[in-house]
Amino acid sequence: MDFTLSEDQLMFKKMFADFCAKEIRPQGEQIDQAEEVPADLLEQAVDQGFWAALVPEELDGCGLDIYTYMLMLEELARADMSTALILSVHNSLVVKPLIDHGTDEQKNRYLEALAFGEMLGAFALTEPGAGSDAAALATTGTLDGEDYVLDGTKIWVSNGATAGLFLVFAKTEEGITAFLVEASTPGLQVGYREKTLGLRGVSCNTLYFDGARVPAANRLGEGGQGLKIALGALELSRLGMGALALGASERALEEAVQFSMEHIQFGVPIAQKQIIQNYIADAKTQIEALRCLVTHTAWLADSGQDFGLQASIAKLCGARTASAVTDKMLQVHGGYGYMKEYAIERYYRDCRSLEIIEGTSQIQQFLIARNIYNAEGLAIQP
Ligand SMILES: Cc1cc2nc3c(=O)[nH]c(=O)nc-3n(C[C@H](O)[C@H](O)[C@H](O)COP(=O)(O)OP(=O)(O)OC[C@H]3O[C@@H](n4cnc5c(N)ncnc54)[C@H](O)[C@@H]3O)c2cc1C
């Protein structure tokens, strides 16, 4: 296994880091306060290829391998978690399933728009009665002539108010089925925007489907294959959450190191105190362990191997690492860490979401345990 970065990967890493540090990072606080990522910043991200990360080169996309894509998410998260989540949902949960399961017609119709900034993607799976138990969803898709008619409610859809294209899951005669639904579809209404603890730059909305007619040609994959499509997309996005956790933890450490060198107590910078040094050393150790997991899992994905189990491990470890690291790095800041003017407060709030979104930590634990027991011949249920 050789983890040496190729020349292309090095070039991309530098490009991601430069853009994120220069353009996104200075806007982090404003994004949190204004509760939105400025449209011109997202447009700049289009120019940098961030919306087309996984689109093949032959379709004018960046054609990034999974590892390089993880480097992109890591740098985004280091600069701002809201921007990172917006682009992670777009790429991992909409663009990738379209590439993997879309017909030529669907790709011709939507990939260019998704890659070049005309349509942001959103993923609508969760419902009031279907969170961890996604298969319990109640939204229905009824075939009527050339259309499916969608009825039901989705909640907590990230990018809900800004997306042009939703990947929506509904129950049809054949089982759970995936649909590409344009935001302008009559009968689809974007509803309430949640007030969230963190990730405040991400619009998180309820969607109402009331007789929304979606052409049968917009069904993604076969009827009844929706859950498989959703779970496949979630494998990549869980690995992506590991990369987000990595970038966020690195940023938290950076903030705490700077603060500890400048902040004086008992006549010396607090960096001189061993307990502070221990916090810093532990955070670095957790970060490097997480980097190994993310890198190894991306390598599995890039070499065509099954990476679902490792993605769950990377997500579980990443969420815990980010929670623990932001908590301790906030502590290094003392009372300043509790104040809005320091970025660590925002990262502490933003990272709490990682234990919930795209499958809670408990669900990752179940998936990991199931894999172990299955190998022993014992089937376990969530
Ligand atoms: C900020 C944010 C953004 C989101 N964005 C999206 C999005 O873009 N698209 C989308 O579809 N969804 C989105 N979600 C929803 C998210 O995926 C769900 O919140 C998540 O899957 C958990 O579902 P739930 O909240 O209904 O919790 P529940 O499933 O109701 O779980 C409640 C608690 O019980 C635990 N639990 C449940 N079942 C079990 C079990 N079998 N064993 C042990 N413990 C269990 C859970 O771990 C949790 O602690 C978002 C959520 C948030 C907070």
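Now for a quick tour of the structure. What you are looking at is a predicted structure, and each value in this text was computed from that prediction instead of being measured. (Residues numbered from 1 in each chain as written. Predicted model: local features only at pLDDT ≥ 70, side-chain atom pairs only at ≥ 80, totals over all residues. Heavy atoms only, no water.)

A look at helix H6 (residues 104-115)
Then step 1. With 12 residues, H6 extends 16 Å between its outermost C-alpha atoms, agreeing within 8% with the 16 Å of an ideal straight helix rising 1.5 Å per residue.
Then step 2. Taken together, the buried positions of H6 are Gln106, Tyr110, Leu111, Ala113, Leu114 and Ala115.
Then step 3. Each element contacted by the buried residues of H6 is listed here: helix H3 (39-47), helix H5 (81-101), strand E1 (121-124), strand E4 (165-172), strand E5 (175-182) and strand E8 (219-220). (Helix = DSSP H or I, 4+ residues; strand = E, 2+ residues; numbered from the N terminus. Expected span 1.5 Å × (residues − 1). Buried < 20%, exposed > 50% of the residue type's maximum accessible area, 1.4 Å probe, protein only. Contact = heavy atoms within 4.5 Å.)

Let's talk about the nonpolar core
Then step 1. In this structure, Phe50, Met70 and Met329 are the most contacted members of the largest nonpolar core, which totals 99 residues.
Then step 2. A total of 16 residues in this core trace back to one element, the largest contributor, which is helix H7 (residues 226-262).
Then step 3. Discounting residues that sit within four places of it in the chain, Phe50 has contacts with Met15, Phe16, Phe19, Cys20, Ala45, Met72, Leu76, Leu87 and Asn91.
Then step 4. Within the second largest apolar cluster, 16 residues are counted, among which are Val157, Leu188, Ala212 and Val214. (Core = buried A, V, L, I, M, F, W, Y, C linked by side-chain atoms within 4.5 Å.)

Topic: the environment of Lys328
Then step 1. Along the polypeptide, Lys328 turns up in helix H9 (residues 308-332).
Then step 2. Along the backbone, Lys328 and Leu253 are 75 residues apart, and their C-alpha atoms lie at a distance of 9.1 Å.

What to know about the packing of aromatic side chains
Then step 1. What the rule picks out here adds up to eight aromatic pairs.
Then step 2. For the ring pair Phe16 and Phe50, a centre distance of 5.5 Å and an interplane angle of 70 degrees mean the geometry is edge-to-face. Pair noted here: Phe16 is in helix H1 (residues 7-24) and Phe50 is in the loop between H3 and helix H4 (66-79), with a separation of 34 residues, a long-range link. Here Phe16 and Phe50 have matching classes, each one buried. (Phe/Tyr/Trp six-rings, centres within 6.5 Å; stacked < 30°, edge-to-face > 60°.)

Quick word on the side chain of Arg238
Then step 1. Tracing the chain through its elements places Arg238 in helix H7.
Then step 2. Lacking a salt bridge, the buried Arg238 has Glu358 as its closest oppositely charged neighbour, with an N-O distance of 6.5 Å.
Then step 3. Only 2.7 Å separates the side chain of Arg238 from the backbone oxygen of Glu358, close enough to count as a polar contact.
Then step 4. Excluding anything up to four places from it in sequence, Arg238 contacts Ala311, Ser312, Lys315, Glu358, Gly359, Gln364 and Leu367. (Lys, Arg positive; Asp, Glu negative; His and termini not counted. Salt bridge = Lys/Arg side-chain N within 4 Å of Asp/Glu carboxyl O. Polar contact = N/O pair within 3.5 Å; in protein donor to acceptor, adjacent residues only side chain to side chain.)

Observations regarding the site of the ligand
Then step 1. Residues in close proximity to the ligand total 15 residues, the closest being Thr126, Ser132, Trp156, Thr360 and Gln362.
Then step 2. Residue Ser132 places a side-chain N or O atom 2.6 Å away from an oxygen atom belonging to the ligand.
Then step 3. At a separation of 2.7 Å, an oxygen atom of the ligand approaches a polar side-chain atom of Gln362.
Then step 4. Considered on its own, the ligand offers 970 Å² of accessible surface; in the complex 65% of this is hidden by protein.
Then step 5. Contributions of two or more residues to the shell around the ligand are made by E1 and strand E3 (147-158).
Then step 6. The leading source of residues in the shell around the ligand is E3, at three residues.
Then step 7. By residue class, the composition of the shell around the ligand is eight nonpolar, six polar and one charged. (Near = heavy atom within 4 Å. Areas by Shrake-Rupley, 256 points an atom, 1.4 Å probe, with all protein chains shown as cover. Nonpolar A, V, L, I, M, F, W, Y, C, P; charged D, E, K, R; others polar.)

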